[in-house]
Number of protein chains: 2
Amino acid sequence: MDMEKIRIGVIGFGTVGAGVVETLLKNSGLMARRTGVELVLTKVADLDTTTDRGVALPPGILGPDAMALIESPEVDVVVELVGGTTIARKFVSEALRRGKPVVTANKALLAFCGEELFQLARENGTEIYFEASVGGGIPCIKALREGLVANNVEAMYGILNGTCNYILTRMENEKADFSLVLEAAQKAGYAEANPSTDVDGYDTANKAAILASLVYGKWFTLDDVAVQGIRDVTLTDIEYASQLGYRIKLLATIRKNGEKVQLCVRPALVSKDSLLGNVSSVFNALWVKGDIVGATMYYGRGAGRAATASAVVADLVDLALNHRHGCQRRVEPFPVYAPSLRLATKDEIRSRFYVRCQVRNKAGVLARIAGVFAGHGISIASVSQREKDAQQDAVPMLLLTEKASQSSMDGALNEIRQDGDMVQPPVCFAVEELEN
Amino acid sequence: MDMEKIRIGVIGFGTVGAGVVETLLKNSGLMARRTGVELVLTKVADLDTTTDRGVALPPGILGPDAMALIESPEVDVVVELVGGTTIARKFVSEALRRGKPVVTANKALLAFCGEELFQLARENGTEIYFEASVGGGIPCIKALREGLVANNVEAMYGILNGTCNYILTRMENEKADFSLVLEAAQKAGYAEANPSTDVDGYDTANKAAILASLVYGKWFTLDDVAVQGIRDVTLTDIEYASQLGYRIKLLATIRKNGEKVQLCVRPALVSKDSLLGNVSSVFNALWVKGDIVGATMYYGRGAGRAATASAVVADLVDLALNHRHGCQRRVEPFPVYAPSLRLATKDEIRSRFYVRCQVRNKAGVLARIAGVFAGHGISIASVSQREKDAQQDAVPMLLLTEKASQSSMDGALNEIRQDGDMVQPPVCFAVEELEN
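Note that this is a predicted model, so its numbers are computed, not measured. (Residues numbered from 1 in each chain as written. Chains lettered and ligands numbered in written order. Predicted model: local features only at pLDDT ≥ 70, side-chain atom pairs only at ≥ 80, totals over all residues. Heavy atoms only, no water.)

Trainee: What am I meant to see in the overall build of chain A here?
Mentor: When its secondary structure is counted, chain A shows 13 helices and 18 strands. Projected onto the principal axes, the alpha-carbon positions of chain A cover approximately 80 × 45 × 35 Å. Looking at chain A as a whole, 60% of its 436 residues are labelled buried. In chain A, the proportion of contacts linking residues at least 24 apart, taken out of those at least 6 apart, comes to 73%. (Helix = DSSP H or I, 4+ residues; strand = E, 2+ residues; numbered from the N terminus. Buried < 20%, exposed > 50% of the residue type's maximum accessible area, 1.4 Å probe, protein only. Contact = heavy atoms within 4.5 Å.)

Structure follows, in structure tokens:
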């Protein structure tokens, strides 16, 4: 490999691929002046070689054959932007087997088989760079792994999926239902035709698994994450939460207490006065509390052509500098040093909760429900009964609890669900208090 | 230098020094497991060797002689935590001359003679690390230099002084005057006995000079920064700003437009709905807009024992990894590549403005003042006249302007100041609109 120049092959010429090409064409000169390394795009592979992506690729660079790109002597580093866990896995593995470093934005791949891929990289004396896999353009992987290296990470809360945050923000602003907003988001290009990966929380969960693996010294996969998406978040609850001073966000929650790791993705209430509560639309943010530094937060665009490209190209510079200075594998990506960690049980996961019940407007119902919570050891912080619902002869009752375990709450909800005066199943979301 | 172990000498055993020692004692094991490098504290130098700092230093480490520490064969890296620009300059220079890398949190030193010191480091084949010099525990230097390396930085806005932000937050929350809150802050240890460096804006200006030098490829010093502190921010203006939907923050503003760089520190209005507007108390934040990534933000504690230590120790790990892998000077700290940049003139600096006038309650005054602004080419976005001030037979008049140049505004203010119906000199602050 040339010490001054690094030759780049990009597999996948979709949205992000085009953004990477555009960024290289626009700012390679600036980066060379800043760092002394020159990034040269030599190959782009995509099955579709005809669609106009709005960037002027020099002739002879674009072709359909990804394996030829990987094997090309003119490619020093392979950028994988195909996505998914099948063909992308093959491309990444084949590049690593040839000792070529890989830059990827593929969170699903890393959460699915990261351990295997990083092992393969190690065996072949090369590296995987993945800043763009979490938080899009936000340099949060670097912040966690290097900037906060002196810290035990006590907790992380992340708004890590732009589609979900866009939908929840529009629901609140326009007082519109989930399905209407989803449809509009699909039309505007902010949600996929099949939105499941985003709205059912799996994309966020992949990112949560990567973040937990990164800071806790043990591999976590998608299977380790308790996932709940935003399909069941109603406008009703968004509005009640707002009246109580909260917003509902799809939150990745990653917390460690001794050997116990809580790893979940779920809609949760965060205060409107908190910074996370003010992260709106397609923006992402990661809030991190370290034992030394205290609370920190990293904010920016979590997806999209240019923002993701910013992170991919930063990885290319990092990689080029490592190669120029002969210090490959300078920063251990996922050091494994805490094999005894385990996932927290529902008994061990504690938070405050928001509960909404639709109950018949009869004497004694509140007392009975309060009694159920008390019976499960859950203290009620506040309760409010709202105006009667004209159509249902029922009144909404809102409760905010003090901290309780998930298992106690599950028990209480199960019991309440069977109450004869309960008109609908109770709705429950965690309330996360982000202390500074 | 041992490849696995790095031996650390700390000069200055004050607040941050004690925090660094504490962090090393607490988390060295974790860092070694994460990175493979061992940080070993071998010497601490401070003239005061008797005061209890609340950390258990092993015997034989603390002594009064900084030069002996610098010369000691048991010290591989010198951490300078003395502060100031005189004795600290000597210690840093002496360490660099001996080829020893330096880690510093000293923003004043870097803004004063950074160019000279980085040149000295280069000549002696060594490095200066300075993450802690801006934003305390927030890894913003790393984010700018590495994470956003692919970007032209179009603008940065920073809340970079915890003391000022603490004072402004308390003034708003407690409806208290500057002098009262300053006194309380001094008692609580959040402000120095001589608060000038903080409240007159020089600390923020030092940081602004460092940030501008870092991203724009040319050295800027404190002298290049137009500085205005918070002594003239009154409760009255905080309350009026609040009614208009804004908060007043001491903002570092760093913007580039072509070859023109705006570099200033001044109280400015930011929207309550913006993230920066929600950064309160001692917290700091840096908002950065890159041409590729768009808006990003970095948030955390900007000062204090532990937070600053988090950044100093992260630098020590970075340095140790560079030495272990033989890649000193892997990332060029302040590459100079844009000598043709120049400071923007007052004609070229544009923003919206908030203006408050106390005028006699007479017919025609508003028309006359509006005429003055119009005469200077300044459009008024909104105007509101408030209740009459009982004591002064005067009414406050609030104006928000559209974007105008600083020179136009200065001209208009000069003219208004001479108006016979102006009871007090007009008050004027910039209004910064942080687009996403």
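After that view of the structure, there is still more to cover.
Trainee: Mind showing me how you'd approach the relation of the copies chain A and chain B here?
Mentor: In summary, the two copies of the chain are related to each other by a rotation about an axis coupled with a shift along it. Mapping chain A onto chain B calls for a screw motion: a turn of 180° about the axis and a shift of 0.0 Å along it, with 0.0 Å RMSD after fitting. Viewed as a symmetry operation, the transformation between the two copies matches a two-fold axis. Among all C-alpha atoms of chain A, that of Y298(A) lies closest to the rotation axis, at 2.5 Å. Mapped onto chain B, 98% of the interface residues of chain A are again interface residues, and the two copies thus contact each other with one and the same surface. (Least-squares fit on C-alpha atoms with pLDDT ≥ 70 in both.)

Trainee: Whenever I open this one, the pairing of strand β2 (residues 38–45) of chain A confuses me. Can you help?
Mentor: All names here are of chain A. Sheet analysis places strand β1 (residues 5–11) next to β2, joined by seven bridges and oriented parallel. Along β2, the bridge assignment pairs V10 with V44. With helix α1 (residues 15–35) bridging β1 and the parallel β2, this β-α-β connection has right-handed handedness. Where β2 and strand β3 (residues 62–63) come together, two bridges link them in parallel fashion. Residue A45 lies in a different strand from β3, and its bridge partner there is G63. (Pairing = 2+ DSSP bridges. Right-handed = clockwise from strand over helix to strand, strands pointing away.)

Trainee: Would you explain the packing of helix α6 (residues 162–174) of chain B against helix α10 (residues 235–243) of chain B in this entry?
Mentor: When two helices pack together, their arrangement is given by the angle between the helix axes and the distance between those axes. Residues and elements named next belong to chain B. At their nearest, the axes of α6 and α10 sit 10 Å apart, and the two run at 75° to each other. Comparing the axis directions of α6 and α10 gives the class roughly perpendicular. Facing α6, whose interface residues are L168, M171 and E172, α10 presents L235, I238 and S242. Residues of the contact of α6 with α10, tallied by class, amount to four nonpolar, one polar and one charged. (Axes fitted to C-alpha atoms, helices over the stretch in contact; angles between N-to-C directions. Parallel < 35°, antiparallel > 145°, perpendicular 65-115°, else oblique. Nonpolar A, V, L, I, M, F, W, Y, C, P; charged D, E, K, R; others polar.)

Trainee: Would you take a moment to explain the side chain of S405(B) for this structure?
Mentor: All names here are of chain B. Among the secondary structure elements, S405 is positioned in strand β17 (residues 404–405). Side chain to side chain, S405 and S407 meet in a polar contact 3.2 Å long. There is a polar contact of 2.7 Å between the side chain of S405 and the side chain of S408. In contact with S405, not counting residues within four places along its chain, are K346, D347, I349, R350 and F353. (Polar contact = N/O pair within 3.5 Å; in protein donor to acceptor, adjacent residues only side chain to side chain.)

Trainee: Looking at this structure, I do not really get the pattern of salt bridges. What am I missing?
Mentor: Residues and elements named next belong to chain A. All told, the structure shown has 61 salt bridges over all chains when counted by the stated rule. Among the ionic pairs, D48 bridges to R53, the shortest N-O distance being 3.9 Å. Take D48: its relative accessible area is 26%, and that puts it in the partly exposed class. For R53, a relative accessible area of 12% corresponds to the buried category. Close ionic contact of K175 with E239 constitutes a salt bridge, the shortest N to O distance being 3.5 Å. With K175 in the loop between α6 (162–174) and α7 (178–188) and E239 in helix α10 (residues 235–243), this residue pair connects regions lying 64 residues apart in the sequence. For K175, a relative accessible area of 56% translates into the label exposed. (Salt bridge = Lys/Arg side-chain N within 4 Å of Asp/Glu carboxyl O.)

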